[in-house]
Amino acid sequence: MSSRQSSTAQWPVAIILIHWVMAAALALMLLGGFAMTRAAHHAETTGDFSLTVLGLPLFDAFQLHKSMGVVLFAAVLLRLLVRAIVATPELPTHMPPLERRAARAAQIGLYALMFSMPITGWLLASSSTLGLPTVVFGLFELPHPIGPDATREALFATLHWAGAWALTGLAGLHTAAALKHHFIDRDNILSEMLPLLNHIKRRTDHVEKT
Ligand code: HEM
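Let us look at the structure shown here. Please read all numbers here as calculations on a predicted model, not as lab measurements.

## Considering the overall build of the protein chain
Each helix and strand counted, the protein chain has 6 helices and 4 strands in total. When the elements of the protein chain are put in sequence order from the N terminus, they spell out α-β-β-α-α-β-β-α-α-α. C-alpha atoms of the protein chain, sized along the principal axes, occupy 65 × 40 × 35 Å. The proportion of buried residues among the 210 residues of the protein chain is 33%.

## Here's the deal with the packing of aromatic side chains
In the structure shown here, the tally under the stated rule is 2 aromatic pairs. An angle of 40° between the planes, with centres 5.3 Å apart, marks the rings of F73 and F115 as tilted. Within this pair, whereas F73 is found in helix 2 (residues 58–85), its partner F115 is found in helix 3 (residues 97–127), the two being separated by 42 residues in sequence.

## Remarks on the coordination of the iron atom of the ligand
Metal coordination angles have textbook ideals: 109.5 degrees for a tetrahedral set of four donors and 90 or 180 degrees for an octahedral set of six. Surrounding the iron atom of the ligand are the protein donor atoms H65 (NE2) and H160 (NE2), at 2.0 to 2.1 Å. For the iron atom of the ligand, the 6 donor atoms in the first shell make angles of 86 to 179° at the metal, so the coordination geometry reads as octahedral. In this pair, H65 is assigned in helix 2 and H160 in helix 4 (residues 150–185), connecting sequence segments 95 residues apart. H160 carries the same exposure label as H65, and that label is buried.

## Section: the environment of G32
Position of G32 relative to the elements: it lies in helix 1 (residues 13–46). Exposure remark for G32: the relative accessible area of 11% places this residue in the buried category. Those residues within four positions of G32 in sequence are excluded, and the remaining contacts are V53 and L54.

## Overview of the nonpolar core
Ranked by size, the top nonpolar core spans 18 residues in total, and within it M22, L26, L72, V76, M114 and L167 carry the most contacts. Looking at this core, the elements with two or more residues in it are helix 1, helix 2, helix 3 and helix 4. At 6 residues, helix 1 tops the list of elements feeding residues into this core. Ignoring sequence-local partners within four residues, the contact set of V76 consists of M22, Y111, M114 and F115. Counting 7 residues, the second-largest nonpolar core is a separate cluster that includes M36, A39, A43 and A61.

## Let's talk about the packing of helix 1 against helix 4
Across the interface, helix 1 lies against helix 4 with an axial gap of 11 Å and an inter-helix angle of 135°. Judged by the angle between their axes, helix 1 and helix 4 are oblique. Every pair of crossing elements has a handedness; the one defined by helix 1 and helix 4 is left-handed. Across the interface between the two elements, H19, L26, L30 and F34 from helix 1 touch A164, W165, L167, T168 and H174 from helix 4. A breakdown of the residues in the contact of helix 1 with helix 4 according to their chemical character gives 6 nonpolar, 3 polar and no charged.

## Considering the site of the ligand
Around the ligand lies a shell of 21 residues, among which G33, T37, H65, G121 and H160 are the nearest. Within the contact set of the ligand, a nitrogen atom lies 2.8 Å away from a side-chain nitrogen or oxygen of H65. In the environment of the ligand, a nitrogen atom lies 2.8 Å from a nitrogen or oxygen atom belonging to the side chain of H160. Contributions of two or more residues to the shell around the ligand are made by helix 1, helix 2, helix 3 and helix 4. The element best represented in the shell around the ligand is helix 1, accounting for 7 residues. Looking at the shell around the ligand residue by residue, the class counts come to 14 nonpolar, 6 polar and 1 charged.

## With respect to the side chain of S127
Residue placement: S127 occurs in helix 3. Look at S127 and you get buried, because its relative accessible area is 0%. Within polar-contact distance, the side chain of S127 engages the backbone oxygen of L123 at 2.8 Å. If we skip the residues at most four places from it in the chain, S127 touches I146, G147, P148, D149, R152, E153 and F156.

Cut-offs applied
- Residues numbered from 1 in each chain as written.
- Predicted model: local features only at pLDDT ≥ 70, side-chain atom pairs only at ≥ 80, totals over all residues.
- Heavy atoms only, no water.
- Helix = DSSP H or I, 4+ residues; strand = E, 2+ residues; numbered from the N terminus.
- Buried < 20%, exposed > 50% of the residue type's maximum accessible area, 1.4 Å probe, protein only.
- Phe/Tyr/Trp six-rings, centres within 6.5 Å; stacked < 30°, edge-to-face > 60°.
- Donors = N, O, S within 2.8 Å, 3.2 Å for Na, K, Ca; no water.
- Tetrahedral: all angles 85-135°; square planar, octahedral: opposite > 155°, others 65-115°.
- Contact = heavy atoms within 4.5 Å.
- Core = buried A, V, L, I, M, F, W, Y, C linked by side-chain atoms within 4.5 Å.
- Axes fitted to C-alpha atoms, helices over the stretch in contact; angles between N-to-C directions.
- Parallel < 35°, antiparallel > 145°, perpendicular 65-115°, else oblique.
- Left-handed = near helix turned anticlockwise from the far one by under 90°.
- Nonpolar A, V, L, I, M, F, W, Y, C, P; charged D, E, K, R; others polar.
- Near = heavy atom within 4 Å.
- Polar contact = N/O pair within 3.5 Å; in protein donor to acceptor, adjacent residues only side chain to side chain.

By themselves, these observations are geometric and do not establish any function.
Take a look at the structure:
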């Protein structure tokens, strides 16, 4: 058993925090990303650029999306670093081998997508024929590694779109599996990542005993 995989290990607080903050931010990126792209295509076809996304004008919505994507890229690197150096809990022994393999594959897929989405987004923004800058939270301009080109733009838009749907699907499966473990298998997988649940369970047990 490697040092970072002890069956008695708890999730480090840093990982729990990064997990829930990233989950909320990714949900916003997916919903906001699909909404702003639809709004942009509508604006291009109708010439009506007055549409807003989550209350923001289109240009600001794109800048916010790109800025949050840059922060999420830093967050996934930090998360991988923390995971590489600290002990984390193992999957429960009652899990059948096929389910274990599926859980590992989904985890690798999620990390691969969290890592690659900001990169395809950055290459897409760089190759956009609109030639708009990427200004991170209005603070500094992120350099674009490649110049505008319609063919490359179409390629990276397709990769970014496909990655977004793959991430939506895998995140959905991941959530469904966590709920199955909690409500059907009744193991600790979800409560280890959500210490509030353990707290509520302990309080309930205490009340039932008294
Ligand atoms: C984890 C990070 C990211 C997620 C989950 C994400 C998600 C999405 C989604 C769901 C869409 C809509 C796709 C479609 O309907 O075609 C989108 C579009 C877009 N994203 Fe991201 N994105 C991320 C990071 C980035 C970054 C870092 C940038 C740029 C620096 C970026 C730039 C764009 C652009 C320019 C579009 C518009 C695509 C178009 O007009 O066809 N994204 N993103």
